[in-house]
Amino acid sequence: MTSFATIRDPQTDHLLTPQNASLVIIDYQPVQVGSIQSMEKRTLVANITAVAKTAKLFGLPTVIATVNVATGRNQPTIHQIAEVFPDITPIDRTSINAWEDKDFVAAVHATGRKKLIMAALWTEVCLVHPALDALREGFEVYPVVDAVGGTSRVAHEAGLSRLIQAGAQPTSWVQLICELQRDWNRADTVPGFSDILFTVEGH
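These notes cover the structure that comes with them. Since we're looking at a predicted model, the values are computed, not measured.

### Quick look at the overall build of the chain
Point 1. Scanning the chain from N- to C-terminus turns up eight helices and five strands.
Point 2. Going from the N terminus to the C terminus, the chain shows its helices and strands as β-α-α-β-α-β-α-β-α-β-α-α-α.
Point 3. For 203 residues, the compact-globule formula gives about 17 Å, and the C-alpha radius of gyration of the chain, at 16 Å, lands near that figure.
Point 4. When its C-alpha atoms are laid out on the principal axes, the chain stretches across 55 × 35 × 35 Å.
Point 5. Across the 203 residues that make up the chain, the buried fraction comes to 50%.
Point 6. In the chain, once contacts between residues fewer than 6 apart in sequence are set aside, the share between residues at least 24 apart is 78%.
Point 7. Surface accessibility of the chain: about 9900 Å² in total, with carbon and sulfur atoms responsible for 55%.
Point 8. Taken as two groups, the 16 positive and 21 negative side-chain charges of the chain have centres that lie 2 Å from each other.

Structure, rendered in structure tokens:
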């Protein structure tokens with residue numbers, strides 16, 4: 001029972017904290033979810049929902065983006081995510097690369113955070129493209145590897161490999177929630193932490 005009396009500065013910590021990170025969720029829409037072939041779709045949805053609930057629990061600034069909803073070519077964000085963030089209006093766009101949309105980039109910058117936890121469908125396109133641009137602009141990027149998916153396992157793995165080579169730091173949703181919680185003495189988030197961790201399918 002010897003945790004340090006004073007925790008590390010949560011804004012300058014090299015690890016993810018509720019004070020230095022934000023979450024970016026891109027294109028979790030029915031068509032994209034339905035086309036995933038790199039992992040089981042039910043697990044994918046459960047995991048991205050856990051990521052969303054984790055961000056809500058720890059108060060992370062969150063940006064949600066969609067593609068082609070306003071044009072009528074696509075459907076909105078899946079309800080599992082929308083229900084976690086009823087007050088967030090997704091940024092809709094026509095560009096395949098979200099970083100080529102002015103409103104999206106402005107929203108990411110407006111979070112004031114340099115550590116971006118990113119999840120998108122597909123891995124090889126809607127995650128890779130904006131993540132590479134974010135890295136080039138000096139952001140740290142943390143793709144949540146078990147909450148993203150591609151059109152094939154090969155495509156998913158190639159996308160993650162490209163990001164890692166560019167400097168992204170992969171994480172998993174369980175690693176993420178534990179990194180944000182960090183210490184059981186942070187009692188205010190323990191009930192929510194336990195609820196998320198032990199109610200997701202497979203845990």
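Following the structure, the description resumes.
### Quick notes on the pairing of strand S2 (residues 62-67)
Point 1. By the criterion of burial, S2 is predominantly enclosed, with six of the six residues buried.
Point 2. Burial of the side chains of S2 extends over both faces: Thr-62, Ile-64 and Thr-66 are buried on one face and Val-63, Ala-65 and Val-67 on the other.
Point 3. As judged from the four bridges shared by strand S1 (residues 21-26) and S2, these two strands associate in the parallel manner. Opposite Val-24, over in S2, you have Val-63 as the bridge partner.
Point 4. Bridging between S2 and strand S3 (residues 91-93) involves three bridges; their strand directions are parallel. Within S3, the residue paired with Ala-65 across the bridge is Ile-91.

### Quick look at the layout of surface pockets
Point 1. Computed from the structure, the largest pocket encloses a volume of approximately 350 Å³.
Point 2. Lining of the largest pocket is provided by 18 residues; of these, Ile-7, Arg-8, Arg-182, Asp-183 and Arg-186 occupy positions nearest its centre.
Point 3. Considered class by class, the residues forming the lining of the largest pocket number six nonpolar, six polar and six charged.
Point 4. In this structure, the second largest pocket occupies an estimated 210 Å³ of space.
Point 5. The wall of the second largest pocket is formed by 14 residues, among which Gln-32, Val-67, Ile-96, Trp-122 and Cys-126 lie closest to the centre.
Point 6. Counting only elements with at least two residues in the lining of the second largest pocket, the list comes to helix H1 (30-34) and helix H5 (123-136).
Point 7. In terms of residue class, the lining of the second largest pocket is built from seven nonpolar, five polar and two charged.

### Some thoughts on the pattern of salt bridges
Point 1. Tallied over the entire structure, the rule returns four salt bridges.
Point 2. Residues Asp-13 and Arg-8 are paired through a salt bridge, measuring 3.2 Å at the closest nitrogen-oxygen approach.
Point 3. Owing to a relative accessible area of 47%, Arg-8 belongs among the partly exposed residues under this scheme.
Point 4. Connected through shared salt-bridge partners, Arg-8, Asp-13 and Arg-182 make up one network.

### Considering the pairing of strand S5 (residues 140-143)
Point 1. Bridge analysis of strand S4 (residues 115-120) against S5 gives four bridges, and the strand direction is parallel. Across the sheet, Lys-115 pairs through a bridge with Glu-140, a residue of S5.

Each value, and the rule that gives it
Residues numbered from 1 in each chain as written. Predicted model: local features only at pLDDT ≥ 70, side-chain atom pairs only at ≥ 80, totals over all residues. Heavy atoms only, no water. Helix = DSSP H or I, 4+ residues; strand = E, 2+ residues; numbered from the N terminus. Rg over C-alpha atoms; globule rule 2.2 N^0.38 Å. Buried < 20%, exposed > 50% of the residue type's maximum accessible area, 1.4 Å probe, protein only. Contact = heavy atoms within 4.5 Å. Areas by Shrake-Rupley, 256 points an atom, 1.4 Å probe, with all protein chains shown as cover. Lys, Arg positive; Asp, Glu negative; His and termini not counted. Charge placed at Lys NZ, Arg CZ, Asp CG, Glu CD. Pairing = 2+ DSSP bridges. 1 Å grid on protein atoms, 1.4 Å probe; cavity = no way out; pocket = protein on both sides within 12 Å on 5 of 7 lines; lining within 4 Å. Points joined across faces, edges and corners; volume = space filled by probe spheres on them. Nonpolar A, V, L, I, M, F, W, Y, C, P; charged D, E, K, R; others polar. Salt bridge = Lys/Arg side-chain N within 4 Å of Asp/Glu carboxyl O.

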